[in-house]
Structure formats: structure tokens, C-alpha cells
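Descriptive structure summary
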Amino acid sequence: MSRLVIDQIPVLTDNYVYLAHDPDSGATAAIDPAVAPPVLERLDAKGWRLTHILNTHHHNDHVGGNLALKQATGAQIVGHRKDSARIPGIDIEVADGDSFLLGTAAAMVMEVSGHTIGHIAFWFPASHALFCGDTLFALGCGRLFEGSGEQMWGSLKKFRPLPDDTLVYCAHEYTEANARFARTVERHNQDLTDRIAEIKELRQHHKPTVPSTLGIERKTNPFLRADVESVKAGVGLPPEADPAQVFTEIRRRKDVF
Ligand code: ZN
Ligand code: FE
């Protein structure tokens, strides 16, 4: 079993669609295809045949290409059972804790609701790859459209035990704006200072800041750090404040930032 080959396609204003290709079986998945044409072009350039579409949640900038890709390639569409009415063309319904096989590559399905209800992530441990949609972003997290702060904090905590070298393939390039906000929460975090310098450098050269790693997110992403004292203090809350409440306050501040 070899490692997945992962290809990143920037689409729309700031979305990333990913192709994950298993060289052993030839199986190829598109993760959250917002649109179809650039995905078909990339498949063509790579000489890959699309076998699956993996959807993290129902928003149109994640499922917009589903039906056109299915029609063009016959790919099977995978999504959360709870979201089956909102995921166009769904064929395979999965739920928290299920494993899903992309050829020979096994993914664990993790329910991480909050941005939407029924939001899932696909974790491929052998490939060190986490496709987390709009739950975790580089230095940020998704807005709470359908779930509560407490629920989102619970979801983000599920990611924290994953290995440091896990590559975080999130669905948007929001990192620069997230960095400006993160700075207001933790002014004295040296890891964050270093990371912001790297992000500026990358964006000046129009390079992606995604994927990041879970190790660096744990050290710098305020939304994964709601139980850290300096973060609590950074949003004006005392050391004994409940982390879910701290998370909710960080999210509220980001919404109006
Ligand atoms: Zn979304
Ligand atoms: Fe999105």
C-alpha cells in the first residue's frame, strides 16, 4: 500500500479542490469539487480516472461540481448519512467512525459538526492526510452556520490527538486574514510570530499556505487553543473559564473582526 498522491486545484476566489490518487489501484477521488471543469482538466493532465467524490458538507462551494463530474466520469459520491438530502448525487452514505476505502487507501470518517450539521472529515492515516473541509482552517476555523460553539469546540478537539505531521488539507485559502486575527488573541506566541512571517512571504509570491500540519496548528491556531491560559487571557477571560466558552468568545470576535 503506497501513499496517496495529492494534487491541489485552486478554484473560485479562495477554494481548494483536492485530487487524491492511489497509485496501486488507480482509484482517484475529488474532495469537495466546487466546480467541474478545472477538475476534469487536471484529471486529464494527470491521466487519472475519477472513481469517487468525497464531500465534507453540503455547501455549494463544496458540492457544486458533483453532478457534472458524476455524469462525465461515473464517479461514486460519498457523504454523511445525515446530509444525504443535501448532497447532490450521493451514492455512499457514511457516518462517524466508519472507514472508507479509496482503492487500497483507508480513510477514517470523523463527524465534526459545527460549521454545518453532518460535516465530516476524511483522515487517511497512512498518507498523513486530513481533509477537513470548512471545520479547521490554517490558523482558523469555519463559521458556525448550523451548530453551536460547544459543538465546534468538541469537533476541533477530535483533531488534536492526530499526529504532528498530519497534513491539514482545508478547503479555503483564508490564512492571511486568519493570521491577522490570531495575532490579536496571542501577541506573545513566538511560534505564531514565525508562522505569520512565513505566511506573508508565501502570499507575496502567490503561493498556497495550505496544507499546513497539525503540529503547527496546535501551536498557533487560537481555535485549537481555547484551553490555553494565554489564549483565555487574550480574549479577556480568566484561567478558570470553560474552554467551550472561551472558544465561543474567540469565534464571536472573529465574526466581527
Ligand atoms: Zn462551508
Ligand atoms: Fe466553503
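The notes below deal with the structure included here. The shown structure was predicted, so the numbers you read here are calculated from the model rather than taken from an experiment.

**Examining the overall build of the protein**
A count of helical and extended segments in the protein gives nine helices and 14 strands. Taking 2.2 N^0.38 as the reference for a compact globule, 257 residues should give roughly 18 Å; the C-alpha atoms of the protein span a radius of gyration of 18 Å, in line with that estimate. Projected onto its principal axes, the C-alpha coordinates of the protein cover approximately 55 × 40 × 35 Å. Put simply, the protein has 257 residues, and 53% of those count as buried. Sequence-distant contacts in the protein: of pairs separated by 6 or more residues, those separated by 24 or more amount to 60%. Total accessible area on the protein stands at roughly 10800 Å², and carbon and sulfur atoms take up 51% of it. Across the protein, the mean location of the 27 positive side-chain charges is 4 Å away from that of the 33 negative side-chain charges.

**Focus on the coordination of the iron ion (ligand 2)**
Here the iron ion (ligand 2) is held by the protein donor atoms Asp61 (OD), His62 (NE2), Asp134 (OD) and His172 (NE2), which lie 2.1 to 2.4 Å from it. Coordination at the iron ion (ligand 2) comes from four donor atoms whose angles at the metal span 83 to 168 degrees, giving a geometry best classed as irregular. Counting along the primary sequence, the residues that act as donors to the iron ion (ligand 2) give the motif D-H-x71-D-x37-H. Separating the iron ion (ligand 2) from the zinc ion (ligand 1) is a gap of 3.2 Å, bridged by Asp134, which donates to each. Of this pair, Asp134 sits in the loop between strand S10 (129-133) and strand S11 (136-137) while His172 is found in the loop between strand S13 (167-170) and helix H5 (175-185), placing the two residues 38 residues apart along the sequence. Accessibility expressed as a relative area gives 3% for Asp134, which makes it buried.

Rules used in this analysis
- Residues numbered from 1 in each chain as written.
- Chains lettered and ligands numbered in written order.
- Predicted model: local features only at pLDDT ≥ 70, side-chain atom pairs only at ≥ 80, totals over all residues.
- Heavy atoms only, no water.
- Helix = DSSP H or I, 4+ residues; strand = E, 2+ residues; numbered from the N terminus.
- Rg over C-alpha atoms; globule rule 2.2 N^0.38 Å.
- Buried < 20%, exposed > 50% of the residue type's maximum accessible area, 1.4 Å probe, protein only.
- Contact = heavy atoms within 4.5 Å.
- Areas by Shrake-Rupley, 256 points an atom, 1.4 Å probe, with all protein chains shown as cover.
- Lys, Arg positive; Asp, Glu negative; His and termini not counted.
- Charge placed at Lys NZ, Arg CZ, Asp CG, Glu CD.
- Donors = N, O, S within 2.8 Å, 3.2 Å for Na, K, Ca; no water.
- Tetrahedral: all angles 85-135°; square planar, octahedral: opposite > 155°, others 65-115°.

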